[in-house]
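In case you want the letters, here they are:
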Amino acid sequence: MGNSYAGQRRTRRFEEVLHNSIEASLRSNSLAPRPIFSQLYLEAEQQLSALEGGSRVDNEEEEEEGEGGLEPSCPPNPYQMHPPPEGCCTTDGFCQAGKDLRLVSVSSEPIDVPTGFLLVGAKSPSLPDHLLVCAVDKRFLPDDNGHNALLGFSGNCVGCGKKGFCYFTEFSSHINLKLTTQPKKQKHLKYYLVRNAQGALTKGPLICWRGSESRGRPSTTGTGSGSLFPPLDSSGPQAASSSEPTPGTSPGVPMGAQHAGPVSDHPSQTAATGPAVFNGKDSPKTQQLVKNKLPAMPRPSALGVMSNSGPPKKRHKGWSPESPSATDGGYSQGGGNRAKYESTGTSCMPQVGLAGPASVTFPVVASGEPVSVPDNLMKICKAKPVIFKGHGNFPYLCGNLNDVVVSPLLYTCYQNSQSVSRAYEQHGACAAQPISQEMQLLLTVYYLVQLAADQVPLMEDLEQIFLRSWRESHLTETRQPQQAPPQPFPPAPGAVAQVTSAQLPWLAGLAASSCNDSVHIIECTHSLAEGLSEMFRLLVEGKLAKTNYVVIICACRSPAIDSCIAVTGKYQARILSESLLTPAEYQKEVNYALLTGKVDSLGAFFSSLCPEGDIDVLLDKFHQENQGHISSSLTASSVTKSASLDVGGAPTCTSYGLEPHHVRPFQLAVAQKLLSHVCSIADSSTQNLDLGSFEKVDFLICIPPSEVTYQQTLFHVWHSGVLLELGLEKEHVTKQRVEQYVLKLDAEAQTKFKSFLQNSFQNPHTLFVLIHDHAHWDLVSGAVHNLCSQSDLSVGLVDRLLNCREVKEAPNIVTLHVTSFPYALQTQHTLISPYNEIHWPASYSSGVDLYPENKKYFGLSEFIESTLSGHSLPLLRYDSSFEAMVTALGKRFPRLHSAVIRTFVLVQHYAAAMMAVSGLSQMKSYTSVETLEITQNLINSPKQCPCGHGLMVLLRVPCSPLAAVAYERLAHVRARLALDRHFEIILGDPSSSITVGKHFVKQLKMWQKIEEAEWRPQTYLELEGLPCILIFSGMDPHGESLPRSLRYCDLRLINSSCLVRTALEQELGLAAYFVSTEAPLEKGVPNEALESDAEKLSSTDNEDEELATEGSTSEKRSPVRRDRPRSHDSTCSPLSSKASSKSAGSALCGESSAQPGGPSQREQARSPQPCSPSDESRVPGDKQRLRASQRPPVISRHSPGLAPQPDYGLKTSQRSVQVPVTSSSSQLSSSGSSSSSTVPSAGTVILQASHCSMTRACQQPPIVFLPKLVYDMVTSTDSSGLPKAASLLPSHSVMWASSFRPLLSKTMTSTEQSLYYRQWTVPRPSHMDYGDRAEGRGDSFHPRRLLLSGPPQIGKTGAYLQFLSILSRMLIRLTEVDVYDEEEINIDLEEEPDWQYLHHGDPWPDLELFRKLPFDYLIHDPKYEDASLICSHHQGVKRQDRATPRKPEELYVRRQTSRMRLSKYAAYNTYHHCEQCHQYMGFHPRYQLYESTLHAFAFSYSMLGEEIQLHFIIPKSKEHHFVFSQPGGQLESMRLPLVTDKSHEYIKSPTFTPTTGRHEHGLFNLYHAMDGASHLHVLVVKEYEMAIYKKYWPNHIMLVLPSIFNSAGVGAAHFLIKELSSHNLELERSRQEELGIKPQDIWPFIVISDDSCVMWNVVDVDCGGDRSRDVTLPTLSREFSWSERNVSLKYIMQHIEASPNITHYALIGMRKWSSRTGSREVRKPFSRCHVHDFIILNVDLTQNVQYNQNRFLCDDVDFNLRVHSAGLLLCRFNRFSVMKKQMAVGGHRSLHITSKVSDHPVAVVPAQYICAPDSKHPFLAAPAQLLLEKFLQQHSHRFFPLSLRNHGHPVLLVDCYLNLGSQISVCYVSSRPHSLNISCSDFMFSGLLLYLCDSFVGASFLKKFHFLKGATLCVICQDRNSLRQTVVRLELEDEWQFRLRDEFQTANAKEDRPLFFLTGRHI
């Protein structure tokens, strides 16, 4: 096809210029009609060829510079514009007549365009963002090829309508271009203008002036990566809609990888719009594609020299033929990089109407004479030549186009390398010339010459060669650190000699002369057409049989050249042409070969090789001869053995063990990292995740549509217990219940996903984790999914489901992508923030084992290392004899896809090997040593185990039809050989479940002790120990885990499409494995004897020896012999007991041979872990005992490995991994009969359980066989030691942003690699991230999206299931709180009072009844368990015997707490965020803090002797609570409501919360506690903490204490709160009195609340009895029932505030909550006792009772006693309780007592808190009052020895309660007149404490009390002088004896004002 369209009439009109004459001609192609898509493809190609093609009219045309382009070596001549005429308009964008010419202004206006004129857009330097509209005669514009423009200019102004501008200079002045250089139409007329579907004028394609064709394309061709010539993709916005999107380029795909065919250098653009309309008329450019307007599609940065256009002109001075053409500078370099790689056009789809599925490809269309492709070219050449278009024009091809492939991707590579200098310029370097075309071609020839016969050229190699060459030519700094980002390189001085076009052919020929004609140079004199014709002639004549590459050069068009390169080598051409196929085309071609019977010729060929004719005939003959014999020998020996041994009680195999489920340290570490990232999202200021609002966790795991992966994931979820832990299921979880949490992304997924979304919407308080496992699969954009693969509905499903708007916007869905290959999710457009990536941690850091485990991961880097060690056969191998046969057959059957040939050859090898092992020894010649080894070990392994455990062979056949063929053939051969019961053959298809024969199911059930009758294995893990061949099909593995018994991983059939990093690592990841690190080596002679016996046996049979030696020592096959210049040769393991003394050959031979009839002694296999959901991999169970002679090699960790996963072991060079030797081939039996009948001649080994293949499995990973091409790719490294595979394109769905990029570094961590890919890759248009964000914008990252990456099979599933568990635990913990849960103390000491309040159902206290209740002096709050007991009149001396001494250690044990679920009425700290309380918290929707103002508030207080000045910080939103003076805005008072207000909309009492050190943890968010009711809440803070509290609580009112109280205790805060409130009450009474309100009607209450009050409860009581006072207590107790519930603080406050006569109560409080509360506590609804923690204070009644501002401890007890003694009522509502949260920070814990002199804080014991005055005791840095209180609490027995445990004789405290410790009782009396005190006449006091006593305490007052003889006195004063005055004033010396040494002080320095003590004894 291709050029079969030649001759179709085209509408394009070209005008050729020859000096002054014009000759018009029409070009025509075929007349056949074409479908729209083909039209687009061809259109793009023709445009491309037009851009590049065409003969030059003259080579002398001046080189133009584009805007921002590279300047010539000399600056242009300066140009001075003529000044504009006076009075004319000079505004930019307007013509001199003042008319607007800007496109944005005139796009909708009708414009009169004369016939023959076109509208074009001119660019003005002063208006870079605008185009100016001009009408220009199209004769003076170039044609499609960039040629044939008439000299001169003719144009009209569309603004003012002025016509007839004949000079562009004149015209540019008229339209105000204001140029500083010579006006040139080529430079300033940039774009054609076209009308869109709406009729608006828009910017169209670039005008293709000479040299700017590359600029003229919206995006450059191809992706710069991949193969020499990776696949094409479309780059327009409609990319996917215009064709079947390709999977992407493969950078490593051999030259041309991925797609061939009708490719264009233009992206296929808006196909749906049809031809563009130019200026409202059909235009010569009708077929040209519309310019793509996506912002992500800028032009390439700088491209090479293109063809000249136009008639001859005078050269500019300083111009050189090599001057680069520059790009349009209107786009950023970053964009340019991306655009360059949007691939050119679309992939070549199999064209409609083609016979056969072969990808018939269209060459790039060009001008000139067509070249005919000879008939039977493929038949003659045995391959389909691949022609890569290079520089310049490419001729038409016609004729037999099916036998040739043409690709423009080398042209793309050349173009991209031209952008290098521009890229450097972007980094600050001066302009430098790009590498010349001649040098490019010459370097390409050098590269091809050095390629070996079995190598295929790679795009990356060529790009790096160009980059290196350019750098060395132009830059001084030629060596930059690999890991550094691209740095600006300063230009090197001096010019570099260039290769001229005349020299090029000679130099190329010289370079090729040394390569034995593998590269052939053809020089043309006129055009490439003659060179191509010559090449075809030579091919047909067979003269290029040894030639792999033909380079055709045409240098006649100096200074430019035309060139192309044809790949004619059969091996290279086949690989390249096949790598250009899309997966769909690949499948189609294979199906075509199978359906049309083309493969029959292969079968016939194999039959001809068989010595006895058809192999099937031989099989039938063997079957008939051995039918009876086999069943009795083979079957009986290996199959029935296990059952009989087991039943008979003989020893069974102990190697088969299932490990219990456990979470490995690595998995736990990763789960915690995931949790940490989720928490950091929640903690960020963006409010994207409110963890505090979630109560539980739910999840959905999305997996690829693989039945095995689905069952495997179900199994993991089921056995992990995560459903029970999350509370999603109850005790008995069924498999069916688990299925709703795992979603297989197939056609039925949408329904299940919708229900998930609906569930998330209905449960806003559940956090849903959407886990996307195997996340690198199906990244196709949802918009184009049906164009991607009509046969697979699931393609694009991921984007449609996981990226839908509902998921993105749902605030309760977190998306976690999990993959081993994250590269395609790490592009410039990714939705995942780099901060949200979690990489699997490295096991070693600086030589330290971070996560000790008894198993070590053996992944890709370790496999590569095994090839570098010289001490064992490597674990990665290739099969040279297989490759040789495939190559030979490829030549014989050139039209068959190599996948078909490889599959048939491999199946034939397996069939022959099975026959050979079964006794047909003549078949050994028809298989390879490797296949023979695999087969023999597979068949013989069950015989070594008493239970018949065997090994698994994984045979990877990506193409499903071929897998089915392989399965049928192998099953047939197995059946004919009667091996049905020896091993199973399983076809593993992703879309179907596993099918296993009944016999083998029975064996598996017996091994795994499964009783269920209907059980069938559903995952590969359940095939543990089953001898089998697993034929694993599907284009990609989908995360299936394999059992530990996997022994061989046969990847010989993976095709060249895997040469991208993701695909390659994915295939090799199948073999990833955990190696046990605890394997002791067996010692002893028998092992050595076994080895020597094996060697003797191997040398007895010449045929076998020859075979083994050939396979193992052949240098071709053995990778051990290759040079390892950078590897660290390792020495023998120190564990070895025997050193190798054999020669290399004999050692290899010995190691690769085994005893006849049995597998090698070194044979190892693996055993499963079906029950460990935490491990994806095959985790070994039992330890293996290695034979000492095996010499496990030490593998150096320095080896490169794929740099990709450096965190996973590449950097850990401190360790070495032991990899035991594996056998390379097993010796065949020399007997001609069945191997089971063979008796070894020597060294017979009695089989034991320890020889089971499972035993050895835990010690060794499987052996992996690769195709030679892939093997070379994986094992080769670059000069830095980086494996070549690491530099491949990371994924099919992305492309490189630029050729100008640093290489990956060997030392990069996973995080650094991620940043590298984020910088240097962009998604293809078909990628789901393609249109997601503008480059460089970080705000488009999705905030709730995370990425977990880790090596394959390492345990990621277990890690994320563990993450779900700990996330759930954390959420529950966030919704729970530890509250104090302690019983009230001193209940047993309480005596029944004479009067009880018996109205148990009263909601409020009856004032008259309540007055009759006695005050309970006892403290019942459990936090005061260590406080002194307060004696009362009722207890008297009777308490003496009842007091039980408490042990000191009991007082300091941790207080008891209970974990409680937060209710909806809880108070919260700053970590709580929810929608309801955002405004309350002061977070504006834009997250800006509310404004607040600082107000001073002063009042005087006589006791302090000075004016107190407080500061209020009042947010604007809270100013309505205050009164401000009108003129000055001064704060006057805080508004108070009226007692008579009955509104339920607000809380009347202002709440004050003193706090310190708890800005984050304090429970100040009362929004929910108050149930949204309006309330006034004031935080009372110290001055030094004001800023931090304001930051965390911007919308709260702050009361800032004066700085003198910075070191004060809670007493000072309480004191100031009360005094401020008293003063404010007076102010409010005065203010409202003016409004006619009585003073007593002003609400007098305030609330003083602790900052740890979290919830409030109420007890509901059902008394059930009569309310009469006559009801007896027993009756009440019988009928009394109650229940407790959580209520809002609003409910409690409004209930209390509604109490009748409330203003008669001075203090109101409530119980502290306890789970142990009994009916006794709540029976009495009200008590008259101490109140704590949350009190409602009547400021009016308590006006004369103050808090002690000096107190730190027990200040509430002290205040309670003062209030009671003043005759006021304290009421506790027993049916209300407050829960207090346990807090580990702030509060009294912030009080630290340290030495004042020591620099280092030293713990000070309480005994040191006081000292003798004037002593040298070290002073302490703490307030004197705190030292006093702490000392008395711990050591008061030093002052009151007689009082210790003497509860009948308490210490008398006057006016002040001080805690003297729990072992001393006290009696409190007030000295105030008319105060209420207990009757002390019955007491004999054991001590007297006078604390800062005032004038009310007199000598007569003290004489009322009686003291024991020897009682002690302690007087405490502010200074020594006051101390003496007090002793005199109170006449203490009359009854008390004092000594000088009895004087003390607190351990304070003088400036800290210590307190002084004087003690004495009663006389």
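Please read these numbers as outputs of a predicted model, since none were measured by experiment.

Structural notes on the overall build of the protein chain
Line of reasoning, step 1. Of regular secondary structure, the protein chain possesses 53 helices and 64 strands.
Line of reasoning, step 2. Excluding contacts between residues fewer than 6 apart, the proportion of contacts in the protein chain whose partners are at least 24 apart in sequence is 78%.

So, the packing of aromatic side chains
Line of reasoning, step 1. The tally for this structure, following the rule as stated, stands at 40 aromatic pairs.
Line of reasoning, step 2. Seen in terms of ring centroids, Y1480 and Y1567 are 5.6 Å apart; in terms of plane orientation they differ by 50°. Their pairing is tilted. Of this pair, Y1480 sits in helix α44 (residues 1478–1481) while Y1567 sits in the loop between β46 (1551–1554) and β47 (1577–1581), and the two are 87 residues apart along the sequence.
Line of reasoning, step 3. With a centroid separation of 5.7 Å and 10° between ring planes, the pair formed by F1773 and F1776 is classed as stacked.
Line of reasoning, step 4. Its relative accessible area of 5% is what places F1776 among the buried residues.
Line of reasoning, step 5. By way of ring pairs, the aromatic residues F1883, F1885, F1901, F1905, F1907 and W1936 are connected into one cluster.
Line of reasoning, step 6. A cation sits over an aromatic face here: K1268 above Y878, 5.1 Å from the ring centre.
Line of reasoning, step 7. The ring of W1296 has R1301 lying over it, and the distance from NZ or CZ to the ring centre is 3.9 Å.

Examining the packing of helix α30 (residues 898–917) against helix α31 (residues 929–940)
A pair of packed helices can be characterised by two numbers: the angle between their axes and the separation between those axes.
Line of reasoning, step 1. Packing of α30 against α31 leaves a shortest axis separation of 9 Å and a crossing angle of 50°. Here α30 lies oblique to α31, going by the angle between them. Between α30 and α31 the crossing geometry is right-handed. On the side of α30, the interface is formed by L906, H909, Y910, A913, M914, A916 and V917, while α31 contributes T931, L932, I934, T935, Q936 and I939.
Line of reasoning, step 2. Per-class residue counts for the contact of α30 with α31 are 9 nonpolar, 4 polar and no charged.

Concerning the side chain of S1365
Line of reasoning, step 1. Within the secondary structure, S1365 is located in helix α41 (residues 1356–1374).
Line of reasoning, step 2. A polar side-chain atom of S1365 sits 3.5 Å from a polar atom in the side chain of E725.
Line of reasoning, step 3. Those residues in contact with S1365, other than ones at most four positions away along the chain, are V722, E725 and L726.

What about the confidence of the model for the protein chain?
Line of reasoning, step 1. With 70% of its residues at a pLDDT of at least 70, the protein chain reaches an overall mean of 75.
Line of reasoning, step 2. Counting interchain partners and residues more than four positions distant, the pLDDT-below-50 stretch residues 1436–1452 has 28 contacts.
Line of reasoning, step 3. Note on residues 1665–1678: pLDDT is under 50 here. Beyond four places in sequence and across chains, it has 14 contacts.

Re the sheet that holds strand β22 (residues 837–839)
Line of reasoning, step 1. Strand order in the open sheet formed by 6 strands is β19-β18-β20-β21-β39-β22, with parallel pairing between adjacent strands. Two strands close off the open sheet at either side, each with one partner strand: β19 (742–744) and β22. On average, each strand axis in the sheet is tilted by 20° relative to the strand beside it, whichever way the strands run.

Quick look at the side chain of S1699
Line of reasoning, step 1. Topologically, S1699 is positioned in the loop between α48 (1689–1697) and β52 (1707–1712).
Line of reasoning, step 2. Within the local environment of S1699, its side chain forms a polar contact with the side chain of W1404, the two groups lying 3.3 Å apart.
Line of reasoning, step 3. Sequence-distant contacts of S1699, that is, excluding residues within four places in its chain, are made with W1404 and F1773.

Regarding α31
Line of reasoning, step 1. The first and last C-alpha atoms of α31 sit 16 Å apart over 12 residues, in line with the 16 Å expected at 1.5 Å per residue.
Line of reasoning, step 2. Burial within α31 is extensive, with 12 of its 12 residues counted as buried.
Line of reasoning, step 3. Along α31, the residues that are buried comprise V929, E930, T931, L932, E933, I934, T935, Q936, N937, L938, I939 and N940.

Observations regarding empty space enclosed by the protein
Line of reasoning, step 1. Taken as a whole, the largest cavity holds about 450 Å³ of empty space.
Line of reasoning, step 2. Along its surface, the largest cavity is lined by 32 residues, and R574, I575, E578, S898 and R902 are the ones closest to its centre.
Line of reasoning, step 3. For the lining of the largest cavity, the elements supplying multiple residues, two or more each, are α15 (570–579), α16 (583–595), α29 (880–892), α30 and α39 (1268–1275).
Line of reasoning, step 4. With 6 residues, α15 is the single largest residue contributor to the lining of the largest cavity.
Line of reasoning, step 5. Of the residues contributing to the lining of the largest cavity, the split by class is 14 nonpolar, 10 polar and 8 charged.

A word on the sheet that holds strand β62 (residues 1907–1917)
Line of reasoning, step 1. With respect to topology, 7 strands assemble into an open sheet ordered β57-β63-β64-β62-β61-β59-β60, the strand pairing being mixed. Edge positions in the sheet fall to β57 (1810–1811) and β60 (1866–1869), since each has one partner strand and no second.
Line of reasoning, step 2. Note that strand β59 (residues 1851–1854) and β60 share 4 bridges and pair parallel. Of the residues in β60, the one forming a bridge with L1853 is Y1868.
Line of reasoning, step 3. Here helix α53 (residues 1920–1929) sits on the sheet and contacts β62, β63 (1936–1946) and β64 (1956–1962); the angle it forms with β62, its principal contact strand, is near 140°.

Structural notes on the pattern of salt bridges
Line of reasoning, step 1. Counted according to the given criterion, the structure contains 55 salt bridges.
Line of reasoning, step 2. E541 is paired through a salt bridge with R537; the nearest N and O atoms lie 3.0 Å apart. Note that E541 and R537 are positioned in helix α14 (residues 528–541) at a spacing of 4 residues, about one turn of the helix.
Line of reasoning, step 3. Residue R537 is classed as partly exposed on the basis of its relative accessible area of 35%.

Examining the packing of helix α21 (residues 707–720) against α41
Line of reasoning, step 1. Two numbers describe how α21 lies on α41: the axes approach to 11 Å, and their chain directions differ by 45°. Between α21 and α41, the angle is such that the two are oblique. Relative to α41, the crossing made by α21 is right-handed. Two secondary-structure elements touch here, α21 through T713, H716, V717 and S720 and α41 through T1357, Y1360 and L1361.
Line of reasoning, step 2. Across the contact of α21 with α41, the residue classes break down as 3 nonpolar, 4 polar and no charged.

Some points on the pairing of strand β45 (residues 1531–1534)
Line of reasoning, step 1. As judged from the 3 bridges shared by strand β44 (residues 1522–1524) and β45, these two strands associate in the antiparallel manner. Residue V1523 lies in a different strand from β45, and its bridge partner there is S1533.
Line of reasoning, step 2. Counting the residues that bridge the hairpin from β44 to β45 gives 6 residues, and of these G1529 lies at a positive phi of roughly 70°.

Description of the environment of F1938
Line of reasoning, step 1. With respect to the helices and strands, the residue F1938 is situated in strand β63.
Line of reasoning, step 2. The contacts of F1938, once residues within four sequence positions are left out, are L1913, V1927, L1932, E1933, L1958, T1959 and G1960.

About the thresholds
Residues numbered from 1 in each chain as written. Predicted model: local features only at pLDDT ≥ 70, side-chain atom pairs only at ≥ 80, totals over all residues. Heavy atoms only, no water. Helix = DSSP H or I, 4+ residues; strand = E, 2+ residues; numbered from the N terminus. Contact = heavy atoms within 4.5 Å. Phe/Tyr/Trp six-rings, centres within 6.5 Å; stacked < 30°, edge-to-face > 60°. Buried < 20%, exposed > 50% of the residue type's maximum accessible area, 1.4 Å probe, protein only. Lys NZ or Arg CZ within 6 Å of the ring centre and 35° of its normal. Axes fitted to C-alpha atoms, helices over the stretch in contact; angles between N-to-C directions. Parallel < 35°, antiparallel > 145°, perpendicular 65-115°, else oblique. Left-handed = near helix turned anticlockwise from the far one by under 90°. Nonpolar A, V, L, I, M, F, W, Y, C, P; charged D, E, K, R; others polar. Polar contact = N/O pair within 3.5 Å; in protein donor to acceptor, adjacent residues only side chain to side chain. pLDDT = per-residue confidence, 0-100. Pairing = 2+ DSSP bridges. Expected span 1.5 Å × (residues − 1). 1 Å grid on protein atoms, 1.4 Å probe; cavity = no way out; pocket = protein on both sides within 12 Å on 5 of 7 lines; lining within 4 Å. Points joined across faces, edges and corners; volume = space filled by probe spheres on them. Salt bridge = Lys/Arg side-chain N within 4 Å of Asp/Glu carboxyl O.

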